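# Summary of structural features
Chain residues, written in single-letter form:
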Amino acid sequence: MIRPFWRRSTVLFVALSLTLIAIKLLLDVFLTDLPLRDQAAAFTWTLVLAIIAIGFVGLLADRASGFPDPLTDSARDWRGIWLAVITGAIYGLITIGMYVWHPVSSPLNTSSGWDHVRLPWSIPFYTFGAIFLEYLLRLGALCIGFWVIHVLILRRHFRLPAFWVLNLIVALYEIGPYLSQDIHSSRWSSVALTAVEPLYLSNVFEGWLLLRYGWFMPIVFRLAFYLVWHILFGGFAAPYFGH
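Within each chain, residue numbers correspond to sequence positions counted from 1 in written order. Residues qualify for local features only when their pLDDT is at least 70, as the model is predicted, and side-chain atom pairs are given and counted only at 80 or more; totals for whole chains, interfaces and linings, by contrast, use all residues. Hydrogens and waters are ignored; side-chain quantities use all the structure's heavy atoms.

Let us now look at the pattern of salt bridges. The term salt bridge refers to a pairing of a side-chain nitrogen on Lys or Arg with a carboxyl oxygen on Asp or Glu at a separation within 4 Å. A full pass over the atoms with the stated rule returns eight salt bridges. A salt bridge links Glu 134 to Arg 138, with the shortest nitrogen-to-oxygen separation between them at 2.8 Å. Placement of both Glu 134 and Arg 138 in helix 5 (residues 122-153) is noted, with a separation of four residues, approximately one turn of the helix. Note on classification: 1.4 Å probe, protein chains only; a residue is buried when its accessible area is under 20% of the maximum for its type, exposed when over 50%, partly exposed between these limits. We classify Glu 134 as buried; its relative accessible area is 1%. Owing to a relative accessible area of 1%, Arg 138 belongs among the buried residues under this scheme. Between Arg 222 and Glu 174 there is a salt bridge, and its shortest N-O distance comes to 2.8 Å. One end of the pair, Arg 222, is in helix 10 (residues 216-236); the other, Glu 174, is in helix 7 (residues 172-184), with 48 residues separating them in the sequence. Here Arg 222 and Glu 174 have matching classes, each one buried. Counted as one network, the salt bridges with shared partners bring together Glu 134, Arg 138, Glu 174, Glu 206 and Arg 222. Secondary structure follows DSSP: runs of H or I at least 4 residues long count as helices, runs of E at least 2 residues long count as strands, and numbering of each begins at the N terminus.

Shown next, in the form of structure tokens:
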């Protein structure tokens, strides 16, 4: 799995990892909102360092699996960035529409009040969350899992079938808690509709972005989504919804 290590994408990974550490320091030192401070404290230093380690192993697995390496083809990178930004923003608008139309039906709503961190802390908080989650899901579960299955077990056969089966499974992570509630409550019609839920489809799409453009593009997609849904809508729409 070890190839020439210091590439531009390595610098990109280091920069994103240092961003995680810097935001963790910022939240620990300057955050005074006690409920949010308790929420941020759940991301312990052990957890932050562990997720960076998972991301690093995923970076090596990504390269060994032959996925596109970010910052090696500027034309491809810019196409991927624009596609990720536009589709991430569109998904944010879809999520807003789901909330406005029928909050209870949205898989992102937990019926616990306003589910957004307020400005200005939402900016570092959701930047941290986007990088953290993509390290876990795409670099971690998808890239490492794909390397184990495709390279070690299948000896580089059945590349696309192996990728898509794994991608469809990894995409269940975010919608999993809601799916479990539906199964426990025997809401089988909701279970059957899981495959067309925007939350699930967005995660499947992020896997495709990785396959086509490299591991950085799912992070860009999630940052664009969080900007529209959590930071802008969450920061300015609360008074209109009684929060």
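Following the structure, the description resumes.
Another aspect to go through is the packing of aromatic side chains. Note on aromatic contacts: the rings of Phe and Tyr and the six-membered ring of Trp form a pair at centre separations within 6.5 Å, being stacked when their planes are under 30 degrees apart, edge-to-face when over 60 apart, and tilted otherwise. Under the defined criterion, the tally for this structure stands at 22 aromatic pairs. Aromatic side chains Phe 128 and Phe 132 sit 5.8 Å apart centroid to centroid with 20 degrees between the ring planes, which places their arrangement in the stacked category. Here Phe 132 and Phe 128 lie together in helix 5, a separation of four residues that amounts to about one turn. In this structure Phe 128 comes out as buried when scored by relative accessible area, which is 4%. When the NZ atom of lysine or the CZ atom of arginine is within 6 Å of a ring's centre and also within 35 degrees of its normal, the charge is said to sit over that ring. In this structure, Arg 212 is placed above the aromatic ring of Tyr 213, and the distance from its NZ or CZ to the ring centre is 4.8 Å.

Take the nonpolar core next. Note on terminology: a nonpolar core comprises buried Ala, Val, Leu, Ile, Met, Phe, Trp, Tyr and Cys residues joined through side-chain atoms within 4.5 Å. Counting residues in hydrophobic clusters, the biggest one holds 63 residues, and the most contacted among them are Leu 16, Leu 20, Tyr 135, Trp 215 and Phe 216. Of all elements in the fold, only helix 1 (8-30), helix 3 (45-65), helix 4 (74-101), helix 5, helix 6 (159-170), helix 9 (198-213) and helix 10 reach the threshold of two or more residues within this core. With 15 residues, helix 5 is the largest single contributor of residues to this core.

Attention now goes to the environment of Gly 55. Within the secondary structure layout, Gly 55 lies in helix 3. As a C-alpha pair, Gly 55 and Leu 136 span 81 residues in sequence and 6.8 Å in three-dimensional space. Non-local contacts of Gly 55, meaning those with residues more than four positions away in its chain, are made with Phe 13, Tyr 135 and Leu 139. Should any heavy atoms of two residues lie within 4.5 Å, those residues are considered in contact.

Following Leu 119, the chain continues into Pro 120 via a peptide bond in cis, with omega recorded as 0 degrees. Note on placement: Pro 120 falls in the loop between helix 4 and helix 5. Its identity is not glycine, yet Leu 71 carries a phi of approximately 70 degrees, on the positive side. Within the secondary structure, Leu 71 is located in the loop between helix 3 and helix 4. Of the residues examined, Leu 71 reaches a relative accessible area of 35% and is grouped as partly exposed. Phi is positive for Arg 156, close to 70 degrees, though the residue is something other than glycine. As for its position among the elements, Arg 156 is in the loop between helix 5 and helix 6. Classification of Arg 156 as partly exposed rests on a relative accessible area of 47%.

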